[in-house]
Each structure stands twice: as structure tokens, then as C-alpha cells.
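Given next are the chains, with one letter for each unit.
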Amino acid sequence: MPRIVGIDLGSSTVKVVRLETRARSGFEVTGFYEAAVPPPGEGQDAAGSLLERMSVALTELKSGGALDGDVFVTGSSRSVASLPIIA
């Protein structure tokens with residue numbers, strides 16, 4: 001059955017919920033994960049640094065297995081719509 005990963009890209013935390021489809025019951029939550037977005041460093045551009053900082057949080061989640069899935073769903077503000085995919 002497909003594993004669904006929902007990602008919430010926040011400015012202070014990135015949250016992930018993992019769901020698996022079940023034949024009779026629809027969906028089951030199989031995990032919830034959260035990683036803090038590091039605070040901005042001094043002298044960094046605010047817009048560019050938010051993307052970099054979110055990427056740090058996503059990398060942490062990925063290394064812990066939170067992003068293992070088949071289908072991905074996310075919501076984000078316009079300011080982070082061009083966040084690069086971590087391969």
C-alpha cells in the first residue's frame with residue numbers, strides 16, 4: 001500500500017506526518033516527526049537564509065527516515081515555493 005508523507009514547511013519547524021493506506025479503514029498515521037529550523041545567522045539575507053535553514057531541517061528529517069514514502073504532499077508560503085528537492 002502507498003506510504004503518504006505530508007510535509008509542513010514552517011519558518012521555525014518542519015513537521016512531517018506519515019500515513020499508510022489500509023484496505024478497510026482508509027488511512028493510519030504511522031509517524032509524526034518534527035525538526036527545528038535553525039535560527040538565522042548574523043548578516044544573512046533573510047529570504048535566502050530561510051530556504052537554506054529549511055533545507056537543514058529537511059536533511060535532518062530525511063537522515064532519520066521520516067521522509068521515506070511513495071507519495072508526498074506539502075503546503076508552503078510563496079516565499080519557499082522554490083525550495084530544492086533533496087535527493
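In short, a report on the structure. (Residues numbered from 1 in each chain as written. Predicted model: local features only at pLDDT ≥ 70, side-chain atom pairs only at ≥ 80, totals over all residues. Heavy atoms only, no water.)

Along the chain, R53 turns up in helix α1 (residues 46-63). Within the buried core, R53 has no salt-bridge partner, and the shortest N-O distance to an opposite charge, that of E52, equals 7.2 Å. (Helix = DSSP H or I, 4+ residues; strand = E, 2+ residues; numbered from the N terminus. Buried < 20%, exposed > 50% of the residue type's maximum accessible area, 1.4 Å probe, protein only. Lys, Arg positive; Asp, Glu negative; His and termini not counted. Salt bridge = Lys/Arg side-chain N within 4 Å of Asp/Glu carboxyl O.)

Here we have 4 strands laid out as an open sheet, ordered β3-β2-β1-β4, and mixed in their pairing. Across the chains shown, the open sheet's two edge strands, defined by having one partner strand only, are β3 (26-36) and β4 (71-75). The sheet shows a mean angle of 20° between the axes of neighbouring strands, taken without regard to direction. By the bridge criterion, 10 bridges tie strand β2 (residues 13-22) to β3 in an arrangement that is antiparallel. When the sheet's bridge partners are listed, L19 is paired in β3 with V29. (Pairing = 2+ DSSP bridges. Axes fitted to C-alpha atoms, helices over the stretch in contact; angles between N-to-C directions.)

To continue, consider the environment of P39. The residue P39 is located in the loop between β3 and α1 in this model. Along the primary structure P39 and S49 are separated by 10 residues, whereas in three dimensions their C-alpha atoms are 9.3 Å apart.

Next up on the list: the pattern of salt bridges. Where charged atoms from two side chains of opposite charge come close, those side chains can pair. Scanning all chains against the criterion turns up 4 salt bridges. For the salt bridge of D8 with K15, the shortest nitrogen-to-oxygen distance reads 3.5 Å. Since its relative accessible area comes to 37%, D8 is described here as partly exposed. One salt bridge connects R22 with E28, and the closest N-O pair in it is separated by 2.7 Å. Relative accessible area serves as the criterion here: at 31%, R22 is assigned to the partly exposed category. By relative accessible area, which is 38% here, E28 ends up partly exposed. In the salt-bridge network here, residues are joined through shared partners; they are E20, R22 and E28.

As a further point, take the environment of L19. Looking at the element boundaries, L19 is found in strand β2. Here the alpha-carbon distance between L19 and T30, two residues 11 residues apart in the chain, equals 5.4 Å. The contact partners of L19, leaving out residues within four places of it in the chain, are P2, R3, I4, E28, V29 and T30. (Contact = heavy atoms within 4.5 Å.)

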